[in-house]
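Okay, here's what each chain looks like letter by letter:
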Amino acid sequence: MLRKLRGFAAFSGILMGFGFLALFGAIGYRVMVGWKSAPKEIGGTILLPQGAQVLSSTVADGLLAVTVNRQGVVETRLFDLETRAPRGVVSYAHEP
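Report on the accompanying structure. (Residues numbered from 1 in each chain as written. Predicted model: local features only at pLDDT ≥ 70, side-chain atom pairs only at ≥ 80, totals over all residues. Heavy atoms only, no water.)

Before going further, it helps to examine the packing of aromatic side chains. For the structure on display, the rule yields one aromatic pair. For the pair F20 and F24, a centre-to-centre distance of 6.2 Å together with 15 degrees between the ring planes defines the contact as stacked. With F20 and F24 both in helix α1 (residues 2-36) and four residues apart, the pair spans about one turn of that helix. On the accessibility criterion, F20 (42% relative accessible area) is partly exposed. According to the relative accessible area criterion, F24 is exposed, its value standing at 55%. (Phe/Tyr/Trp six-rings, centres within 6.5 Å; stacked < 30°, edge-to-face > 60°. Helix = DSSP H or I, 4+ residues; strand = E, 2+ residues; numbered from the N terminus. Buried < 20%, exposed > 50% of the residue type's maximum accessible area, 1.4 Å probe, protein only.)

The next point concerns the environment of T58. With respect to the helices, strands and loops of the structure, T58 is situated in strand β1 (residues 53-60). Relative accessible area serves as the criterion here: at 46%, T58 is assigned to the partly exposed category. The residues contacting T58, other than those within four sequence positions of it, are L63, L64 and A65. (Contact = heavy atoms within 4.5 Å.)

All right, on to the environment of V90 then. Topologically, V90 is positioned in strand β4 (residues 86-91). Residue class for V90 comes out partly exposed when judged on its relative accessible area of 37%. Note: C-alpha distance between V90 and A65 (25 residues apart in sequence) is 9.8 Å. When neighbours within four sequence positions are excluded, V90 is seen to be in contact with E75 and T76.

Our focus in this paragraph is the pairing of β1. Working note: regular strand, side chains alternate between the two faces of the sheet. Where β1 and strand β2 (residues 63-70) come together, seven bridges link them in antiparallel fashion. Looking at β2, one finds that S56 is bridged to T67. Following β1, the chain reverses through two residues before pairing antiparallel with β2; D61 in that reversal takes a positive phi of roughly 50 degrees. (Pairing = 2+ DSSP bridges.)

Note that all results are geometric; they support no functional claim without further evidence.
Here it is, written out as structure tokens:
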């Protein structure tokens, strides 16, 4: 009876060890693949309104968001990354 119990415990331990190896192998693979991938190079010119001062810019989901201050009005202009075409403008205002 004890020999059977030891056999089951050894089998369970070995199976758990393979499970941990598979888990850490998958995590290590995802980390290494993430390090190897390089972001696409972004280049080009985007036309902004005359006198606009760029406050910040960011890239996300295929869009370039540029926050500008134009004559005291702060707005965020969205551009498509591939074509550099305007996709929209978000203006900001104070609550009354």
